[in-house]
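Now for the letters of each chain:
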Amino acid sequence: MTLPVFETPRLIVRSITEHDAEGLHEAYGDADAMRHWDLPPSVDVSQTAERIRLSAEADPRWHGMWAVQTHAGRFVGAINYHAHNEQQRRLALGWIVVPSCWRQGLMTEAAPPVISHCFTRLNAHRIEARIEPENVSSRRLAAKLRFTEEGLLRDWLCVAGEFRNVVMYSLLRTEWS
Ligand SMILES: CC(C)(COP(=O)(O)OP(=O)(O)OC[C@H]1O[C@@H](n2cnc3c(N)ncnc32)[C@H](O)[C@@H]1OP(=O)(O)O)[C@@H](O)C(=O)NCCC(=O)NCCS
């Protein structure tokens, strides 16, 4: 499915495609970037391409993924919604930036139009971010985006046979303007 395109001062946020495999692999193939992701690192760029393909094939009511690129066309990251429950009007966000571009404020800039889209076009009432306690950068990002920390979910994730805790964050439509 084609998602809407958003422009920010430095970035274009648009549907991810298999042409983004090499760019995304800078993150998906990196052990540090994937340390707190809910998938193990991709073994090679073709596995990253396969992951993009599966994402694009998912039911858009449940999942959608944007690529984040500079205006010059450099792939810098991705942001997705998943676990969208239309009846309960909630979904979860996932975000990742290629390591060479960390701490430049890029995801702080890319996430707001996606959040607005989730509250308006997808009619969500509650947006969740489920973040491992040790993932300082993602927790800091969630706080910056005005998510509220709610509590620890024990052994909530299972990645490659290993259970992991996550901290639940949420942002309500009434808190977003
Ligand atoms: C989480 C992530 C997407 C943040 O992207 P980013 O573009 O580097 O984030 P920003 O530059 O917009 O920074 C957002 C805030 O986090 C802070 N931050 C970012 N990295 C940090 C770090 N390593 N340590 C402490 N704070 C950090 C920034 O300083 C900023 O807060 P501030 O303005 O109050 O200082 C990126 O670190 C990443 O890709 N991590 C690996 C993937 C991942 O774990 N995703 C989340 C799974 S839940």
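Our subject is the structure listed above.
The residue numbering used here restarts from 1 in each chain and proceeds along that chain's sequence as written. In keeping with the predicted nature of the model, local features appear solely for residues at pLDDT of at least 70, side-chain atom pairs appear and are counted solely at 80 or more, and the whole-chain, interface and lining totals rest on all residues. Side-chain numbers come from the whole structure's heavy atoms, not from hydrogens or water.

## Thoughts on the sheet that holds strand β1 (residues 6-7)
- Spatially, the 8 strands line up as an open sheet ordered β1-β2-β3-β4-β5-β6-β8-β7, and their pairing is mixed. Sheet topology places β1 and β7 (148-159) at the edges, where each strand pairs with a single neighbour.
- Paired strands are those between which DSSP finds at least two bridges. Only runs of H or I of at least four residues qualify as helices and only runs of E of at least two qualify as strands under DSSP, and these elements are numbered from the N terminus. Strand direction decides the pairing type here: strand β4 (residues 75-85) and strand β5 (residues 90-97), joined by 7 bridges, are antiparallel. Within β5, the residue paired with Gly77 across the bridge is Val97.
- Of the strands in this sheet, β3 (64-70), β4 and β5 are in contact with helix α1 (residues 21-28), which crosses β5 at around 90°. A contact between two residues is defined here by any heavy atoms of the two lying within 4.5 Å. The axes are straight lines fitted to the C-alpha atoms, using for helices just the contacting stretch, and the angles between their N-to-C directions are given from 0 to 180°.

## Regarding the site of the ligand
- In the vicinity of the ligand there are 22 residues, among which Trp95, Gly105, Thr108, Arg140 and Lys144 approach most closely.
- Polar contacts, as used here, are pairs of N or O atoms within 3.5 Å; protein pairs need one atom able to donate a hydrogen and one able to accept it. Residues neighboring in sequence count only if both atoms are side-chain atoms. At 3.1 Å, a side-chain N or O of Ser137 approaches an oxygen atom of the ligand.
- Relative to its unbound accessible area of 920 Å², the ligand is 81% covered by the protein chains.
- For the shell around the ligand, the elements supplying multiple residues, two or more each, are β5, α4 (106-120), β6 (126-131) and α5 (136-144).
- Top contributing element to the shell around the ligand by residue count: α5, with 6 residues.
- Asp, Glu, Lys and Arg are counted as charged, while Ala, Val, Leu, Ile, Met, Phe, Trp, Tyr, Cys and Pro are counted as nonpolar; the rest, among them Gly, fall into the polar class. Of the residues in the shell around the ligand, the class split is 11 nonpolar, 7 polar and 4 charged. Any residue with a non-hydrogen atom lying within 4 Å of a molecule or strand is treated as near it. Each accessible area is a Shrake-Rupley result for a 1.4 Å probe, and residues are judged covered by the shown protein chains and nothing else.

## Here's the deal with the pattern of salt bridges
- The salt bridge criterion pairs a side-chain nitrogen of Lys or Arg with a carboxyl oxygen of Asp or Glu, the two atoms within 4 Å. Applying the stated criterion across every chain, the model contains 13 salt bridges.
- The closest approach of N and O atoms between Arg35 and Asp32, which form a salt bridge, is 2.3 Å.
- Only protein chains enter the accessibility calculation, which uses a 1.4 Å probe; a residue whose area is less than 20% of its type maximum is buried, one above 50% is exposed, and one in between is partly exposed. Relative accessible area serves as the criterion here: at 46%, Asp32 is assigned to the partly exposed category.
- A salt bridge links Glu150 to Arg126; the nearest nitrogen and oxygen atoms lie 2.9 Å apart. Here Arg126 lies in strand β6 and Glu150 lies in strand β7, a separation of 24 residues in the sequence.
- Judged by its relative accessible area of 18%, Arg126 is buried.

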